[in-house]
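Observations on chain architecture
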Number of protein chains: 2
Amino acid sequence: MIKTIVIVGHPSPADSGCQQFLRESAQLEQVEYYIATNQMDYQQVKRVQEHLVEFDRIIFQFPMYWYSVPGHFKMWIDTVFENSERNNLFSGKEFGLVINYGVKSSDFQAGRKERYTLSELCRPFESFANKLGMIFLPIFSISQFYYLTSSEMKRLAVDYQQYLTKKNSNDFLSKEVWIQQRLNLFAVQEKDDKRLRIFKHIVDHIASNRDQLSSLEESLTWIKEESSYE
Amino acid sequence: MIKTIVIVGHPSPADSGCQQFLRESAQLEQVEYYIATNQMDYQQVKRVQEHLVEFDRIIFQFPMYWYSVPGHFKMWIDTVFENSERNNLFSGKEFGLVINYGVKSSDFQAGRKERYTLSELCRPFESFANKLGMIFLPIFSISQFYYLTSSEMKRLAVDYQQYLTKKNSNDFLSKEVWIQQRLNLFAVQEKDDKRLRIFKHIVDHIASNRDQLSSLEESLTWIKEESSYE
């Protein structure tokens, strides 16, 4: 199981609807939530550094301020990661960004208002990861949180949970496995018999879907092999 | 004459040899030197905002910390420029970056250690300028200051002075005009007769060079015209 730490770089997360929503969504067993402040003494910095090493995936989560992190969070980053490229502590870990911003996501492209893609604007973070030998994950971005409908918010919660805990892969199987694991987890905690039956029914349904997909894949492979003999 | 403000984003410029050198080099009539701190009350922020508007060229000068500005400087930027895209105060002004870093400048390219060019890593600042309607100047970068020879340092001082005060143009004439103006300025202040004669001699020499170049250019134009009739 992937152990993840979310480092929140919002100056006052309690005042942000988006941050509160994400905090709620991140209440998962293997996820730790950490609010970055810039007032730390030497001992605290040391402790944070040692703590970070325990995780497989490190996430920086922040609202975009001038195409980068808020200043106080940059101070935190500068302090905690100072000289850390030398001691190789973070090498091989995964590193992700959860960024929210107020403009439309389609504005981040050549020819549009923001001119550059989010990937281009996040080169400094990609370089940060490269320098520390970390694996840079695709960016998780949230555009105009306040305009989201309730079904879009539900979708966001699941996508966000996957970003924090799912194996880094964009294939359908990894999503399926992730959802099955989550449902099994709910099933264990569920006391209501009716709801439990529903959970099990969904899990079974996913499993039988998977079987069907597998046999279709096998048939496809077989057809391809057959046709290559012609 | 271009009025320039250099905003220094080094956390302790007095401890930096590079920053001290730049400060010495920036002692020019039309250049103001300003050290950014992140402890400002509302009135101070207002005053800084009003002051900035008086300049034609705004320069951010900083050591590169994790491919961006030091955290305390980002806090200053966040505070001073908050909401300033709305009031259009900086539209049409020039915006430049003076960045020093410890790695080799040739490392900033595809296939090398740093993978991305400095231009790519500075997209967030280019976007900052775009957002405020400012003209983004080419980046002035200083690599490995401590390894510079004394003649490289002299060269750096002149290039830096040009970056702060010269018309934004890469042509030879603008450099020539800039040097003539600087020499004339020295000549006015010079009391030693011998040195004064040297200054005047250099100024005359540059002027006669310019005449020669002009007549060569005329001849070239004439030759091109002639050959186009053939």
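For chain A, the name recorded in an unreviewed UniProt entry is Flavodoxin-like fold domain-containing protein, with Vagococcus vulneris as its organism.

With that settled, consider empty space enclosed by the protein. As enumerated under the stated definition, the model contains two cavities of 30 Å³ or more in all. By volume, the largest cavity amounts to about 100 Å³. Surrounding the largest cavity, 13 residues form its lining, W66(A), S68(A), S68(B), P124(B) and F125(B) being those nearest its centre. When residues in the lining of the largest cavity are grouped by element, the largest group, three residues, is from helix α6 (residues 123–131) of chain B.

This part is about the side chain of S143(A). Residue and element names in this part refer to chain A. Mapped onto the elements, S143 comes out in strand β6 (residues 140–143). One polar contact links the side chain of S143 to the main-chain carbonyl oxygen of V103, over a distance of 2.9 Å. Once residues lying within four places of it in the same chain are set aside, the contact partners of S143 are Y101, V103, K104, S105 and L148.

Right, let's talk about the interface of chain A and chain B for a bit. The extent of an interface is frequently quoted as the accessible surface area lost upon association of the parts. Opposite the 30 residues of chain A that make contact, chain B presents 30 residues. Buried surface at the junction of chain A and chain B, summed over both partners, amounts to about 2,500 Å²; 58% is from carbon and sulfur atoms. Here chain A and chain B share four salt bridges between them. With a shortest N-O distance of 2.6 Å, E114(A) and K131(B) are connected by a salt bridge. Put simply, chain A and chain B have 14 residue pairs in polar contact (both at pLDDT 80 or more) between them. Elements that contribute at least two residues to the side of chain A that touches chain B include exactly α3 (71–80), α4 (84–87), α5 (118–121) and α6 (123–131) of chain A. Ranked by residue count, the leading element in the side of chain A that touches chain B is α6(A), at seven residues. Its residues placed into classes, the side of chain A that touches chain B shows 14 nonpolar, seven polar and nine charged.

Below, the discussion takes up the domain arrangement of chain A. Residues and elements named next belong to chain A. Segmentation of chain A into domains returns domain 1 (4–168) and domain 2 (170–229). Centre-to-centre separation of domain 1 and domain 2, based on C-alpha positions: 31 Å. Between domain 1 and domain 2, the contact holds eight residues from the first and six residues from the second. For the pair domain 1 and domain 2, the two sides together bury roughly 650 Å², of which 54% comes from carbon and sulfur. Viewed at the interface, domain 2 and domain 1 are joined by zero salt bridges.

The rules behind these values
- Every chain is numbered independently, its residues counted from 1 as its sequence is written.
- Each chain takes a letter, starting from A, and each ligand takes a number, starting from 1, following the order in which they are written.
- In keeping with the model being predicted, local features are shown solely for residues with a pLDDT of at least 70 and side-chain atom pairs are shown and tallied solely at 80 or more, while totals for entire chains, interfaces and linings include all residues.
- Side-chain metrics in this entry use all non-hydrogen atoms of the structure; hydrogen atoms and water are not considered.
- With a 1 Å grid spanning the protein atoms alone, the term cavity applies to any set of points in which a 1.4 Å probe fits but cannot get out, the term pocket to an open set with protein on both sides within 12 Å along at least five of seven lines, and the term lining residue to any residue with an atom within 4 Å of a point.
- Grid points are joined across faces, edges and corners, and a volume is the space filled by probe spheres set on the points.
- Every helix listed is a DSSP run of H or I at least four residues long, and every strand listed is a run of E at least two residues long, numbered separately from the N terminus.
- In protein, a polar contact means a hydrogen-donor-capable atom and an acceptor-capable atom, both N or O and within 3.5 Å, with residues adjacent in sequence counting only if both atoms are side-chain atoms; elsewhere, any N or O pair within 3.5 Å suffices.
- Here a residue-residue contact requires only that any non-hydrogen atoms of the pair lie within 4.5 Å.
- Here's the idea: put two parts together, see how much 1.4 Å probe accessible area each one loses, and the total over both is what we call buried area.
- What counts as a salt bridge is simple: a side-chain nitrogen of Lys or Arg found within 4 Å of a carboxyl oxygen of Asp or Glu.
- When residues are sorted by character, Ala, Val, Leu, Ile, Met, Phe, Trp, Tyr, Cys and Pro go into the nonpolar class, Asp, Glu, Lys and Arg into the charged class, and all the rest, Gly among them, into the polar class.
- All the domain ranges listed were derived from an automatic or database domain assignment.

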